[in-house]
Amino acid sequence: MKIAILNQKGGVGKTTLSVNLAASLTRAGSRVLLIDADPQGSALDWVAAREAEPLFPVVGLPKPTLHRDVDQISEGYDHVLIDGPPRVAELARSAIMASDLVLIPVQPSPYDVWAADEVVKLLDEARIYKPGLQAAFVVNRKIVNTALGRDVRDALATYSPPVLDAAICQRIVFAESAAQGLASFESEPDGPAAREVEALREEIMQNYAQP
Ligand SMILES: Nc1ncnc2c1ncn2[C@@H]1O[C@H](COP(=O)(O)OP(=O)(O)OP(=O)(O)O)[C@@H](O)[C@H]1O
Ligand SMILES: [Mg+2]
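A short tour of the structure in this document, coming up. Just so we're clear, the structure is a prediction, and the values are computed from it rather than from any experiment.

Considerations on the packing of aromatic side chains
- Taken as a whole and assessed by the stated rule, the structure comprises 3 aromatic pairs.
- Ring geometry for Phe137 against Tyr159: centres 5.9 Å apart, planes inclined by 50°, an arrangement best described as tilted. Of this pair, Phe137 sits in strand 6 (residues 134–142) while Tyr159 is found in the loop between helix 6 (148–156) and strand 7 (168–169), placing the two residues 22 residues apart along the sequence.
- The buried category is assigned to Tyr159, whose relative accessible area is 15%.

Observations regarding the layout of surface pockets
- The calculated volume of the largest pocket comes to roughly 410 Å³.
- Along the walls of the largest pocket sit 27 residues, with Gly11, Gly13, Thr16, Asn140 and Arg141 positioned nearest its centre.
- Residue assignment for the lining of the largest pocket shows that the elements contributing at least two residues are helix 1 (14–27), helix 2 (42–48), strand 6, strand 7 and helix 7 (172–179).
- Looking at the lining of the largest pocket residue by residue, the classes come out as 11 nonpolar, 11 polar and 5 charged.

Here we look at the sheet that holds strand 4 (residues 79–83)
- The strand order 3-2-4-1-5-6-7 describes an open sheet built from 7 strands, whose pairing is parallel. Both outer strands of the open sheet, strand 3 (58–60) and strand 7, are each paired with one neighbouring strand and no more.
- Inspection of the sheet shows strand 5 (residues 101–106) paired to strand 6 by 6 bridges, in the parallel sense. Looking at the pairing, Ile104 lines up with Phe137 of strand 6.

Examining empty space enclosed by the protein
- Scanning the model with the defined rule gives 1 cavity of 30 Å³ or more in all.
- Estimates place the volume of the largest cavity at around 50 Å³.
- Looking at the lining of the largest cavity residue by residue, the class counts come to 3 nonpolar, 3 polar and 2 charged.

What to know about the pairing of strand 1 (residues 2–5)
- Alternating residues of strand 1 divide into Lys2 and Ala4 and Ile3 and Ile5, and every residue in both groups is buried.
- Sheet topology note: the strand 1/strand 4 ladder contains 4 bridges and is parallel. Bridging from a neighbouring strand, Ala4 pairs with Ile82 of strand 4.
- One ladder, built from 3 bridges, connects strand 1 with strand 5; its direction is parallel. Paired with Ile3 across the strands is Leu101, a residue of strand 5.

The rules we used
- Residues numbered from 1 in each chain as written.
- Chains lettered and ligands numbered in written order.
- Predicted model: local features only at pLDDT ≥ 70, side-chain atom pairs only at ≥ 80, totals over all residues.
- Heavy atoms only, no water.
- Phe/Tyr/Trp six-rings, centres within 6.5 Å; stacked < 30°, edge-to-face > 60°.
- Helix = DSSP H or I, 4+ residues; strand = E, 2+ residues; numbered from the N terminus.
- Buried < 20%, exposed > 50% of the residue type's maximum accessible area, 1.4 Å probe, protein only.
- 1 Å grid on protein atoms, 1.4 Å probe; cavity = no way out; pocket = protein on both sides within 12 Å on 5 of 7 lines; lining within 4 Å.
- Points joined across faces, edges and corners; volume = space filled by probe spheres on them.
- Nonpolar A, V, L, I, M, F, W, Y, C, P; charged D, E, K, R; others polar.
- Pairing = 2+ DSSP bridges.

Structure, rendered in structure tokens:
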């Protein structure tokens, strides 16, 4: 399956979810490729910071032709994840056209809810050419023991993509492990962050993976 992690808004957790979801799929036995479609090259920076053996390959492809090249690049992999860029609509469009599922990370903030407008518009445009395209919101940086996660779910209900049940909380281990090019489960194998990412992977595989 090809999954783009996309939101025009910056800093919502696209790269964090991309590397951790790719790592979780690898841990579950899949062959995974991560495409860095962001000119900032954050996923490439993540892998460059890593001293351990790579979990999965990361290739940089911040090009508006990604959707044309993706089938060839992804040969031999079970899953291809695309870490999308903020802002650049041309690259986001290509990442959308390259994927079967678009995951949209959103933080529990009204600013993120309002900003979701942009990516939802791009998805609506893409569906004209790709009617089977799937999309879902993922709440990221949920603060434990607050109602903000529920509030953001209610607010996002006005958009057509559903909100996944699995949410990722604000956890320092995501930033700490990223600094060393590690996935959160490598720092804390049975920690809450690893469990949340695993639940996210399971929900995606159960609901969106083709038989
Ligand atoms: N669940 C989380 N818990 C704690 N920190 C997080 C979490 N998700 C993301 N972060 C931190 O927030 C910052 C932004 O995250 P990230 O780089 O993944 O966002 P992005 O959407 O890829 O940003 P950009 O739009 O610049 O590509 C990073 O410092 C990251 O470590
Ligand atoms: Mg990023």
